[in-house]
Amino acid sequence: PGARDGTCDSRTQLPKAMAQKLVLEAIGQRIDGNETWTEATFKVLVKFWERELAARPDQERELEAAIGSCNRKIEKLLDQVENSDLRDPDIEQRIARRRDERRELESRLKELRANPVVFSQNPTREWVQEILKKLDCAMQRGTPAAAKA
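Residues numbered from 1 in each chain as written. Predicted model: local features only at pLDDT ≥ 70, side-chain atom pairs only at ≥ 80, totals over all residues. Heavy atoms only, no water.

A. Seen up close, the overall build of the chain. Helix and strand counts for the chain stand at 6 helices and 0 strands. The order of helices and strands in the chain, counted from the N terminus, is α-α-α-α-α-α. A sequence separation of at least 24 residues applies to 76% of the contacts in the chain between residues at least 6 apart. As presented, the chain carries roughly 11,600 Å² of accessible surface, and 52% of it is formed by carbon and sulfur atoms. (Helix = DSSP H or I, 4+ residues; strand = E, 2+ residues; numbered from the N terminus. Contact = heavy atoms within 4.5 Å. Areas by Shrake-Rupley, 256 points an atom, 1.4 Å probe, with all protein chains shown as cover.)

Shown next as structure tokens:
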């Protein structure tokens, strides 16, 4: 009583990291040994893996095309500057924005290429069971694997 409207007198606090660990351990214990949950998780994971694997070449091509487009726009703006006697600060700002855009696209492409496949091989039921048993550890690492767990 009183917690909903902020009038609770309790001053008990729990550190966030400890709360996360306790919640994830409790979830892991409930999941461990539950074949229905493991199977459902496995099916979702396989669909995710197949979708990621299929989309990967398109993502790389799209980023490469966007970088090429950005490079052409930069070249066009540079040609305008070189062919003009006027120093237009708007054009210089646009060139800077395009260069920032290109750096962002190149960074995303580099990241995509650095992580070629989310999973190196088809996920198995055994692998899913192991991950579910270690759910609290996987989530606390804060790695891309944790985001997928």
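B. Main features of helix α2 (residues 35-82). Over its 48 residues, α2 extends 68 Å from the first C-alpha to the last, a length consistent with the 70 Å expected when each residue adds 1.5 Å. At alanine 55, α2 shows its strongest bend, of approximately 35°, with the proline proline 57 following within four residues. Its side-chain oxygen placed 3.2 Å from the backbone nitrogen of threonine 36, asparagine 34 serves as the N-cap of α2. (Expected span 1.5 Å × (residues − 1). Bend = angle between axes of the 7 residues up to and from the residue. Polar contact = N/O pair within 3.5 Å; in protein donor to acceptor, adjacent residues only side chain to side chain.)

C. Examining the side chain of threonine 38 more closely. With respect to the secondary-structure elements, threonine 38 resides in helix α2. In this structure, threonine 38 is in contact with Ile31, Val128, Gln129 and Leu132, ignoring residues within four places of it in sequence.

D. Layout of the nonpolar core. In this structure, Ile31, Phe42, Leu45, Phe48, Val128 and Leu132 together form the largest nonpolar core, which totals 6 residues. Mapped onto this core, the elements with two or more residues apiece are α2 and α4 (125-133). Excluding residues within four positions of it along the chain, valine 128 makes contact with Thr38, Thr41, Phe42 and Leu45. Among the nonpolar cores identified, the runner-up in size contains 5 residues, and Ile67, Leu105, Leu109 and Leu112 belong to it. (Core = buried A, V, L, I, M, F, W, Y, C linked by side-chain atoms within 4.5 Å. Buried < 20%, exposed > 50% of the residue type's maximum accessible area, 1.4 Å probe, protein only.)

E. A look at the environment of arginine 108. Inspection of the secondary structure puts arginine 108 in helix α3 (residues 89-114). Look at arginine 108 and you get partly exposed, because its relative accessible area is 44%. For the pair arginine 108 and leucine 63, spaced 45 residues apart in sequence, the C-alpha to C-alpha distance is 7.8 Å.

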